[in-house]
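Breakdown of the fold
Spelled out from the first residue to the last, the chains are:
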Amino acid sequence: MNGREQWASKLGFILAAVGSAVGLGNIWRFSYVAGESGGAAFLLIYVICIFLIGLPVLLAEFTIGRKGQTDVIAAFTSKAPGKPWVLGGFFGLAASFFILSFYGVIAGWVLYYIYSYFTGTAGAVEEGGYGDFFESFIGSSGGPIFWQVLFMAIVIGIVYFGVKKGIELSNKIFMPLLAVILLFLAGFSLTLDGASEGLQFLFSPEWSAFGDAEVWSAAVGQAFFTLSLGMGAMITYSSYLSKDNRLPSAAGTVVVLDTLFAIVAGLVIFPAVFSFGIDPGDGPGLIFVTLPEVFNLMGGGGTVFAIFFFILVALAALSSAISLLEVSVAFVMRKFNWARKQAALVVGLLITAVGIPSALSQGGPLTEATIAGLPFLDFVDTLTDMYFLPLGGLMIALFVGWGWRREDAFRESDLTGSSIAPLWIWFLRIVAPLGILWILYLNVVNTPFFQ
Ligand code: PFF
């Protein structure tokens, strides 16, 4: 592995991992999935999944990555050639490819909002008019594709020039700014009329929802998505790591920060959703309809605020998208012996092309062209989050839990001598696999694909 790239510093890796985790998943996806899945019960189950499955699997990914110093496929095969673990790598590779295809579409929507606030069109919409504003945008063909392609061009450009440059610095500055702006917005949302209803929706669970299999599936899917788990992004990032990071604390930092971002985003969105009488189950457009109403109420400063906010969200999306593309690029570079530039360009363009049907499926010309009853974007999202990510996560948990010698697993994860070491292995061997298998079973029984 001579000359393999490395993070510039200890902090660089943590920043990159947090940058991968915190993205559209925390703001866009968390709020719409929580909204569709009943709010508080979902939130509680999601937090349980984050700690019972997410944290142990994240530490396993970090461990595999740093030990392997290679891409997601070779990380499995070099340690245990000929064993089935590598399937986990293939699920991961496929998941990162397809997730990025629609991730670029949603990030494109964010870019369009930045542009519309700059040009004044978004700021000029009357109160209550953002639903129409959003729908007329996603219902067109050229618009969503243009902004998706622009976003993907930026992602490809950055991966083309090398993964480290820029990400570390950008995350150091913009992540904290995003946190500050979200906290401020949450404060503002909480002052709106009817905000308490939103709080109730988010924090006061209906206990009957705990028996709802769909809420569990949604929570596990979201836990994987938001932590960038099950698809090798964290394996790939930690493969650029030297020995001097403590992996357990890195994993803990990523999990805590990522979860806080989602909860604060919920505090911004749901009070506003209820205050404006928007349906929390509105689907993927939820933040694009709700937040502009909030900015609208802020008077003249609202536009400036909106521009800042959407730029920061776009940057958070960018650092996540880079990590998604890096999975396939690292694989192609090793497998076909391609240069980084060639790999970034070819794989990036392919992913962009695969994303185009998603861009056209949310009100545009391909809305009716459903697969298993779902529009293309929803289909790809469901397929990856309900199957590929849990399967990838399962293989990762089993690989480290059962495929490695205990001492090796402890040593490589920096857990030797720690009292949490046996607990971690127990989670990887039993708790996470059984939990994931149970969810996979529920998904098979309940999703449209199998009916
Ligand atoms: N975790 C990112 C988010 O929450 O937006 C999305 C993501 C990034 C998923 C990287 C998967 C991944 F490999």
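One can find the structure itself at the top, above this paragraph.
Read on for a plain summary of the structure. The shown structure was predicted, so the numbers you read here are calculated from the model rather than taken from an experiment.

Quick look at the overall build of the chain now. The secondary structure content of the chain amounts to 18 helices and zero strands. By the compact-globule yardstick of 22 Å for 451 residues, the chain fits well, its C-alpha radius of gyration being 21 Å. Dimensions of the chain along its principal axes, counting C-alpha atoms only, are 60 × 50 × 45 Å. Sorting the 451 residues of the chain into buried and exposed places 60% on the buried side. Considering only residue pairs separated by 6 or more positions, the chain has 83% of its internal contacts joining residues 24 or more positions apart. Here the chain displays about 16600 Å² of accessible surface, and carbon together with sulfur accounts for 67% of that area. Measuring between centres, the 20 positive side-chain charges of the chain sit 25 Å from its 28 negative side-chain charges.

So, about the pattern of salt bridges. When their charged atoms lie close together, side chains carrying opposite charge are able to pair. Enumeration according to the criterion identifies nine salt bridges in this entry. Its salt-bridge partner being R29, residue D381 comes within 3.3 Å of it at the nearest N-O pair. Highlighted residues: D381 in helix 16 (residues 376–403) and R29 in helix 2 (residues 24–36), separated in sequence by 352 residues. Note that D385 and R29 form a salt bridge whose closest N and O atoms lie 2.6 Å from each other. A residue pair is termed long-range when its members are at least 10 positions apart, and D385 in helix 16 and R29 in helix 2 qualify at 356 residues. Grouping residues by exposure puts D385 and R29 together as buried. Residues joined in a network through salt bridges with shared partners are K67, D408, R411 and E412.

Moving on to the site of the ligand. Close to the ligand lie 15 residues, the nearest being A21, G25, Y103, F225 and A233. N26 is positioned such that a nitrogen or oxygen atom in its side chain is 3.4 Å from an oxygen atom of the ligand. In the model, an oxygen atom of the ligand is placed 2.5 Å from a nitrogen or oxygen of the Y103 side chain. For the ligand, the accessible surface in isolation is 340 Å², of which the surrounding protein chains cover 100%.

Another point: the packing of aromatic side chains. If you walk through the whole model with that rule in mind, you get 38 aromatic pairs. Seen in terms of ring centroids, W207 and F210 are 5.2 Å apart; in terms of plane orientation they differ by 20 degrees. Their pairing is stacked. Note on F210: relative accessible area 21%, which makes it partly exposed. Positioned above the aromatic ring of F225 is the side chain of R29, whose terminal nitrogen or guanidinium carbon lies 4.9 Å from the ring centre.

As a further point, take a negative patch on the surface. On the surface, a cluster of negative charge is contributed by E36, D132, E135, D279 and D282. With respect to the element layout, E36 can be found in helix 2. Classification of E36 as partly exposed rests on a relative accessible area of 46%.

Let us now look at the environment of F42. If you trace the backbone, F42 turns up in helix 3 (residues 40–68). Judged by relative accessible area, F42 falls into the buried class, the value being 0%. Residues F42 and E206, 164 residues apart in the sequence, show an inter-C-alpha distance of 9.7 Å. Contact partners of F42, with chain neighbours within four places excluded, come to F30, V33, A34, S37, V215, A218, A219 and Q222.

Between two packed helices, what matters for the description is the angle formed by their axes and the separation of those axes. Orientation of helix 10 (residues 213–226) relative to helix 18 (residues 421–446), taken along the N-to-C sense of each, is 120 degrees, at an axis distance of 10 Å. Relative to helix 18, the element helix 10 is oriented oblique. Seen along the crossing, helix 10 lies across helix 18 with a hand that is left-handed. In this structure, helix 10 uses A213, W216, S217, V220 and F224 to contact helix 18, whose residues at the interface are I436, W438, I439, L442, N443 and N446. In the contact of helix 10 with helix 18, the residues fall into eight nonpolar, three polar and no charged.

Attention now goes to the nonpolar core. In globular proteins that are soluble, nonpolar side chains generally tend to be buried together. If you look at the biggest cluster of nonpolar residues, it comprises 168 residues, and the most contacted ones within it are F62, F295, F309 and W424. Considering every element that reaches this core, the biggest residue donor is helix 14 (residues 301–335), with 20 residues. Once residues lying within four places of it in the same chain are set aside, the contact partners of F62 are F13, A17, M234, S238, L247, A250, A251 and V254.

In this section: unusual backbone geometry. For S228, which is not glycine, the phi dihedral falls at a positive 55 degrees. Along the chain, S228 falls in the loop between helix 10 and helix 11 (233–238). The buried category is assigned to S228, whose relative accessible area is 6%. With a phi close to 65 degrees, D414 is a non-glycine residue in the positive phi region. Its location among the elements puts D414 in the loop between helix 17 (406–412) and helix 18.

Right, let's talk about helix 16 for a bit. Of all the bends in helix 16, the greatest measures close to 35 degrees and is centred on T384. With 22 of its 28 residues buried, helix 16 lies for the most part within the structure.

Let's shift gears to the environment of L377. In this fold, L377 is placed in helix 16. Judged by relative accessible area, which is 1%, L377 ranks as buried. Put simply, L377 and S101 are 276 residues apart on the chain and 8.9 Å apart in space, counted from C-alpha to C-alpha. Setting aside residues up to four positions removed in sequence, L377 forms contacts with F102, V105, I106, S358, S361 and Q362.

Thresholds, definitions, all that
Residues numbered from 1 in each chain as written. Predicted model: local features only at pLDDT ≥ 70, side-chain atom pairs only at ≥ 80, totals over all residues. Heavy atoms only, no water. Helix = DSSP H or I, 4+ residues; strand = E, 2+ residues; numbered from the N terminus. Rg over C-alpha atoms; globule rule 2.2 N^0.38 Å. Buried < 20%, exposed > 50% of the residue type's maximum accessible area, 1.4 Å probe, protein only. Contact = heavy atoms within 4.5 Å. Areas by Shrake-Rupley, 256 points an atom, 1.4 Å probe, with all protein chains shown as cover. Lys, Arg positive; Asp, Glu negative; His and termini not counted. Charge placed at Lys NZ, Arg CZ, Asp CG, Glu CD. Salt bridge = Lys/Arg side-chain N within 4 Å of Asp/Glu carboxyl O. Near = heavy atom within 4 Å. Polar contact = N/O pair within 3.5 Å; in protein donor to acceptor, adjacent residues only side chain to side chain. Phe/Tyr/Trp six-rings, centres within 6.5 Å; stacked < 30°, edge-to-face > 60°. Lys NZ or Arg CZ within 6 Å of the ring centre and 35° of its normal. Patch = residues over 30% accessible without salt bridge, like charges linked within 9 Å, V, L, I, M, F, W, Y side chains within 5 Å. Axes fitted to C-alpha atoms, helices over the stretch in contact; angles between N-to-C directions. Parallel < 35°, antiparallel > 145°, perpendicular 65-115°, else oblique. Left-handed = near helix turned anticlockwise from the far one by under 90°. Nonpolar A, V, L, I, M, F, W, Y, C, P; charged D, E, K, R; others polar. Core = buried A, V, L, I, M, F, W, Y, C linked by side-chain atoms within 4.5 Å. Bend = angle between axes of the 7 residues up to and from the residue.

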